[in-house]
Amino acid sequence: MEKHCTDSQVKGVSTGTTILAAIFDGGVVIGSDSRASIGGEYVSSKTINKVIQVHDRIFCCMAGSLADAQAVTKAAKFHLAFHSVQMESPPLVIAAASVLKELCYKNKEELQAGFITAGWDQKKGPQVYVVSLGGMLVSQPVTIGGSGSTYIYGYVDAKYKPNMTREECMQFATNALALAMGRDNVSGGLVHLVVITETGAEHVVVPGNKLPTFHDE
C-alpha cells in the first residue's frame, strides 16, 4: 500500500483521458471525458473540464499530465491575447496550434502533455490540429487522443464522414467518447462537447446517465 502511494506521487495527476475533435459542414466539434486520476489508480476528479478556451473561437483538449497541460494552455492564452492586440484581429486557428507546438517543443524534456486544437477563423473556416508530445503539429479533419482512443480507432474510421451536419457530428462525437469511456478504466465521468462555428461557440454537457450504451456495462 505504501509503495502505491509513492508511485502515485511520482506520476502526478493525469487526465487519463479520451479526447476528440471532428470537422462538420460549417464548424467543428471538440470534446472529452471528465475523469482525472493519480497514477491511474486513484480518481482525483470525476468532473474536470478538459476542453479549454484559448480564444473566442479556438479551444483545445489536453491529455497527459494535468499540471503540464494547464501551464501550457495558460501561457498560450497570454500569447494569443497579445497576438490579437498586435494584429488588431482574432488569431487564426493555426496560430494557436503553432503557439502550443512551440511551447511543447521548447520544453519537450520537461512536459508530458499533448493537445488537440480546434476552432473557426475567417481564413480557413473550421480546422483541427494535433500537437503531440514533443511538439509535432499535424492538421486532420478528425482526430482522437488519450488512453481511451485506442479502443475507438475502428469506430472513428468507420463512422466519420466529411460534410456531416452539426447534429450528426455531435452524435458521432458522443458515441465515440461513450464507447471509449465504457472500455477505458481511466476515462469516464461525463462528456464535455464544444461546437464552434462562425457565430460562436456552444458548450454542451452530456451527463454519464444520458450517454448511449453499446454493450453490457
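Everything in this summary refers to the structure shown in the same document. (Residues numbered from 1 in each chain as written. Predicted model: local features only at pLDDT ≥ 70, side-chain atom pairs only at ≥ 80, totals over all residues. Heavy atoms only, no water.)

One open sheet holds the five strands; their spatial order is S6-S7-S8-S9-S10, and the pairing between them is antiparallel. With partners counted over all chains shown, the strands left at the sheet margins are strand S6 (51-55) and strand S10 (137-139), one partner each. Across this sheet, the average inter-strand angle for adjacent strands is 25 degrees, counted without regard to direction. Two strands pair when backbone bridges link them, and strand S7 (residues 58-64) and strand S8 (residues 113-121) are joined in this way by seven bridges, in the antiparallel orientation. Each bridged residue has a counterpart across the sheet, and for Cys61 the counterpart in S8 is Ile116. This element, helix H2 (residues 66-87), spans S6, S7 and S8 of the sheet and lies at about 20 degrees to S6. (Pairing = 2+ DSSP bridges. Helix = DSSP H or I, 4+ residues; strand = E, 2+ residues; numbered from the N terminus. Axes fitted to C-alpha atoms, helices over the stretch in contact; angles between N-to-C directions. Contact = heavy atoms within 4.5 Å.)

Let us now look at the side chain of Thr174. Assignment of secondary structure puts Thr174 in helix H5 (residues 166-183). Of the residues examined, Thr174 reaches a relative accessible area of 9% and is grouped as buried. Once you skip the residues sitting within four places of it in the chain, Thr174 turns out to touch Leu193, Val206, Leu211 and Pro212. (Buried < 20%, exposed > 50% of the residue type's maximum accessible area, 1.4 Å probe, protein only.)

The next point concerns unusual backbone geometry. A positive phi angle, near 55 degrees, is found at Glu88, a position not held by glycine. Tracing the chain through its elements places Glu88 in the loop between H2 and helix H3 (93-106). Taking relative accessible area as the criterion, Glu88 reaches 74% and is therefore assigned exposed. For Asn163, which is not glycine, the phi torsion reads 60 degrees and is therefore positive.

With six of six residues buried, strand S3 (residues 27-32) lies mostly within the body of the structure. The side-chain alternation of S3 yields two buried faces, one formed by Gly27, Val29 and Gly31 and the other by Val28, Ile30 and Ser32. The turn joining strand S2 (residues 19-24) and S3, which pair antiparallel and follow one another in sequence, is formed by two residues; a positive phi near 100 degrees is taken by Gly26. Strand direction decides the pairing type here: S3 and strand S12 (residues 191-197), joined by six bridges, are antiparallel. Bridging across to S12, Val28 finds its partner in Ile196.

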